[in-house]
Amino acid sequence: MTSQESMPTARAERRQAKRLRRFDNPWMNPKLFWGAGLLLGIIALGLIGRFLWNLDLVFTGSTPLKLPPLGFENLRKQPGVLDYPLGTDGGGRDMLALIIIGAPNTLFVGLLASLIGMSIGITLGFTAGFVGGRTDDVIRVLADVMITIPPLLILVVFQSAYGDVSLTIMALLIAGFVWQSPTRLIRAQVLSMKQSGYVQMAQLSGASTFHIMFREMLPNLVPYLFGSFIASVTTSIVTAVGLEVLGLGPQRIPTLGRTIYEAINAGALIQNLWWWWGIPTLLLATMFIGLLLINLGLDEVSNPRLRKLS
Amino acid sequence: MGRIPRSYLINRVVTLLLTIWIAATLIWIIPRLSPVDPADIMLGRMAAGAGSVANADAILAQLRASFGLDDPLWLQYLKYLKNVLIFDFGLSTATFPTAVSSLIAKALPWTLGLMILSLIITFVIGNLLGALMVWERSPKLAKVAIPAAMVFTSIPPILSGLLLMWIFAVKLRWFPLTGAYGLTVEPGWDWAFVQSVLHHGFLPALSIVIVTFGFWALGMRGLMITVQGEDYVKLAEAKGLRPRYILYRYMIRNAILPQITAFALKIGLLIAGQVLVERIFAYNGMGKLLYDAILDQDFPVIQGVSFVIIFMTAMSVFLVDLLYPFIDPRIQHEAT
């Protein structure tokens, strides 16, 4: 970037001065902030809702059928009632109770799957980058191969063979397909960092491999690791929701995807029961937007060239 | 092979073969690790659904044969691999004597058509918008509106599909709710059929387009930032070329090529997303076939569809990797 490119206006100058005065912490990023806020909101809904709302309403037949949310009318001219503020579904379940339990479940699958996937990725990536040779070849080829296989398709085969699974098993299964990109990313970073001055300096001064890995390299990888983690949370949730919408996954535990599946199958679209599929759709959308904002924010943290643009 | 070094080619071919082999093996092993006999389960479900099953023995025999349950395991595996290579997945259990491969052959053109169409549209729109986000002369509105619109691009197409269905098919009734063509038109190459296909395909395509263009736009933005500072762009400006000409012929043209490799990484997710869109729109493609097969516990079809989709994904990645050096001469594959 050359200086004659942009003639700074007075406003930009003031902004520049303000920027220089304060401690410039790249982590104080508005996108990061809003994204985290959206996700925390959903977590809070799940946590606080558990104490404030009657969760027995999540069982089939515990409420009247197909009541609309408060302030709306359904096709049978029934108004929404305060007892079920977000309406009820076609099986007689309260939508509010359904999302209080379902949304954290969906998020849980995503987080657990990516935590496991990341751990595998960090281990394999560092191993490949450091050990090199045959080990590196095997890990690299395996990651290259597995990254082309869409997780959804293998898991469809798996789950239709096994039937009902628990949330944890589903997360474990998905984890088997989200380790590849962190592995590739970390391997590439480790390979390039190995050549950098400070790592070679550490090596010359006799630091242990462990020290170099975790004290010298890992801190520099943090933004990448976070970004990669968020990306795999997104992939995991998309895969989980995909399985649920195909009628697979946990059959008796409420999740957002399962709710959408039941709504579509019951013809909620044609019957104008928009709250049945709409509320879980909206929550999932909020989740994904939150994750994207965090990812964009992290991009700006790790790549200062992007920060200048916004 | 022209500019491609032999070692690179071998590397890519090995990766392709390994991918197909691992996918086929996983699909083969998974049902065998299951504690229950899939053939029995399927027959049991059919019996439960229909009261009694005609030709139960024949179906059971076919199932056992298609899983090869009577042979030793290694022979079963080798037979299976041979069959998979010629796309023979046995017979469907839901529509019994139909071969799985003929069901897939019927569904595949719809999936490919929808995919290629929506891919081209997103690629063009996404890259153009991404470039406009960086370009100095693009209207102020573009720099505010495009990033705002991109927030929605993190949403999987199934969610956008539901919203679009509700707005345009249920509320406004501009487009049909489900299916790939109208019930009243005969499939054929006449205008009524083509019109019906376009009419039915619009919403599924749109639901994919509006949530995937942002991926290309984001990538393009990053690449444009790099290209912007290049000397040849400055030279073009100094020569007094029209800014629009510089944008298209100097900046986008150089930035767009690496985007093609991004495609290779994304295609798996794109296909998986489209399968789900086809399922909610009951579009006559692989997604609907897969969903119906899951409902019917039609295991040969589930295996067949999964394998074919994984095969397509691996093939496209392979082709992109192979063709890329020809498209972008700047790439020099080093013999490693």
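Quantities reported herein were computed from a predicted structural model and do not represent experimental measurements.

### Focus on the overall build of chain B
Inference 1: Tallying secondary structure elements over chain B gives 13 helices and 0 strands in all.
Inference 2: Here chain B holds 336 residues, and 48% of them are scored as buried.
Inference 3: Restricting the contact set of chain B to residue pairs at least 6 apart, pairs at least 24 apart contribute 73%.
Inference 4: For chain B, the exposed area adds up to about 16,400 Å²; of that, 68% sits on carbon and sulfur atoms.

### Comments concerning the interface of chain B and chain A
Inference 1: Counting residues at the interface gives 54 residues for chain B, matched by 48 residues for chain A.
Inference 2: Carbon and sulfur atoms make up 79% of the surface buried where chain B meets chain A, a total of about 4,700 Å² over both sides.
Inference 3: Where chain B meets chain A, there are 0 salt bridges.
Inference 4: At the junction of chain B with chain A, the criterion picks out 5 residue pairs in polar contact (both at pLDDT 80 or more).
Inference 5: Listing elements by their share of the side of chain B that touches chain A, those giving two or more residues are α1 (6-33), α7 (157-171), α8 (191-228), α11 (257-281), α12 (286-295) and α13 (299-327) of chain B.
Inference 6: For the side of chain B that touches chain A, the leading source of residues is α1 of chain B, giving 12 residues.
Inference 7: In terms of residue class, the side of chain B that touches chain A is built from 39 nonpolar, 10 polar and 5 charged.

### Topic: the side chain of Q180 of chain A
Residue and element names in this part refer to chain A.
Inference 1: In this fold, Q180 is placed in helix α7 (residues 180-194).
Inference 2: Relative accessible area serves as the criterion here: at 3%, Q180 is assigned to the buried category.
Inference 3: Reaching out from Q180, the side chain makes a polar contact with the backbone oxygen of F177 at a distance of 3.5 Å.
Inference 4: What Q180 contacts, discounting residues up to four positions off in sequence, is A143, M146 and I147.

### Some words on the confidence of the model for chain A
Close inspection of predicted coordinates is inappropriate for parts of the model with low pLDDT.
Inference 1: Scored by pLDDT, chain A comes out at a mean of 83, with 93% of its residues at no less than 70.
Inference 2: Ranking the elements of chain A by mean pLDDT puts helix α12 (residues 304-307) of chain A last with 64 and helix α6 (residues 167-175) of chain A first with 91.

### Some points on the packing of aromatic side chains
Inference 1: Enumeration over the complete set of coordinates arrives at 20 aromatic pairs over all chains.
Inference 2: Ring plane angle 75° and centroid distance 5.1 Å describe the contact between F215 of chain B and W216 of chain B, whose orientation is recorded as edge-to-face.
Inference 3: The exposure class of F215 of chain B is partly exposed, given its relative accessible area of 30%.
Inference 4: Classification of W216 of chain B by relative accessible area gives buried; the value is 2%.
Inference 5: Taken together, the aromatic side chains of F87, F89, F307 and F311 of chain B make up a single cluster linked through ring pairs.
Inference 6: The ring of F130 of chain A has K194 of chain A sitting right over it, with the charged end atom 5.8 Å from the ring centre.
Inference 7: Across the ring face of Y291 of chain B, the terminal group of R279 of chain B is positioned such that the distance to the ring centre comes to 3.7 Å.

### Looking at the packing of helix α5 (residues 151-162) of chain A against α6 of chain A
Residues and elements named next belong to chain A.
Inference 1: Running from N to C, α5 and α6 cross one another at 145°; their axes reach a closest spacing of 10 Å. α5 and α6 meet at a crossing whose hand is right-handed. Together, L155, F158 and Q159 of α5 and M170, L173 and I174 of α6 make up the contact between the two elements.
Inference 2: Looking at the contact of α5 with α6 residue by residue, the classes come out as 5 nonpolar, 1 polar and no charged.

### Remarks on the pattern of salt bridges
Residues and elements named next belong to chain A.
Inference 1: A full pass over the atoms with the stated rule returns 8 salt bridges over all chains.
Inference 2: Residues R184 and D144 are paired through a salt bridge, measuring 2.6 Å at the closest nitrogen-oxygen approach. Of this pair, R184 sits in helix α7 while D144 sits in helix α4 (residues 133-148), and the two are 40 residues apart along the sequence.
Inference 3: Here E262 ties to R258 by a salt bridge, and the two come within 3.6 Å at their closest N and O atoms. Here the residue E262 and the residue R258 both occupy positions in helix α10 (residues 256-265), the gap between them amounting to 4 residues, near one helical turn.
Inference 4: Classification of R258 as buried rests on a relative accessible area of 10%.
Inference 5: Several salt bridges share partner residues, and in doing so they unite D89, R93, R258 and E262 into one network.

### Section: the nonpolar core
Inference 1: Membership of the largest hydrophobic core comes to 161 residues, with the highest contact counts inside it found for F126, V156, I237, L284 and M287 of chain A together with L290 of chain B.
Inference 2: Counting residues per element, this core draws most heavily on helix α11 (residues 274-302) of chain A, at 15 residues.
Inference 3: Residues in contact with L284 of chain A, not counting those within four places in the same chain, are T106, I237, V241, L256 and I260 of chain A together with L159 of chain B.

What counts and how
- What you see as residue numbers is a count from 1 along each chain, following the sequence as written.
- Naming scheme: in the order in which they are written, chains are lettered from A and ligands are numbered from 1.
- A pLDDT threshold of at least 70 governs which residues receive local features in this predicted model, and a stricter bar of 80 or more applies before side-chain atom pairs are shown or counted, although totals over entire chains, interfaces and linings include all residues.
- Side-chain calculation: all heavy atoms of the structure are included, whereas hydrogens and water are not.
- Strands here are runs of E lasting at least two residues and helices are runs of H or I lasting at least four, both read from the DSSP assignment and numbered beginning at the N terminus.
- Exposure is judged per residue with a 1.4 Å probe applied to protein chains only, and the accessible area is read against the type maximum: over 50% gives exposed, under 20% gives buried, and values in between give partly exposed.
- Residue contacts are defined here by distance: any two heavy atoms, one from each residue, within 4.5 Å place the two residues in contact.
- The accessible surface values rely on the Shrake-Rupley method and a 1.4 Å probe; as for residues, cover is taken only from the protein chains in view.
- Put simply, buried area is how much 1.4 Å-probe accessible surface two parts lose in total, over both of them, once they are put together.
- The working definition used for a salt bridge is a side-chain nitrogen of Lys or Arg within 4 Å of a carboxyl oxygen of Asp or Glu.
- Here a polar contact means two N or O atoms within 3.5 Å. Within protein one must be a hydrogen donor candidate and the other an acceptor candidate, and residues neighboring in sequence count only if both atoms are side-chain atoms.
- When residues are grouped by polarity, Ala, Val, Leu, Ile, Met, Phe, Trp, Tyr, Cys and Pro land in nonpolar, Asp, Glu, Lys and Arg in charged, and all others, Gly among them, in polar.
- The predictor attaches a confidence to each residue, called pLDDT, with possible values from 0 through 100.
- Pairing of aromatic rings covers Phe, Tyr and Trp, the last counted by its six-membered ring, and requires centre-to-centre distances within 6.5 Å; plane angles under 30 degrees mean stacked, over 60 mean edge-to-face, and any other angle means tilted.
- Both a distance and an angle decide whether a charge sits over a ring: NZ of Lys or CZ of Arg must be within 6 Å of the ring centre and within 35 degrees of the ring normal.
- In this analysis, axes come from line fits to C-alpha atoms, helices being fitted only over the stretch in contact, and the angle between any two N-to-C directions falls in the range 0 to 180 degrees.
- A clockwise turn of the near helix away from the far one marks a right-handed crossing, whereas an anticlockwise turn of less than a right angle marks a left-handed crossing.
- Here, nonpolar core means buried Ala, Val, Leu, Ile, Met, Phe, Trp, Tyr and Cys residues that are tied together by side-chain atoms lying within 4.5 Å of each other.

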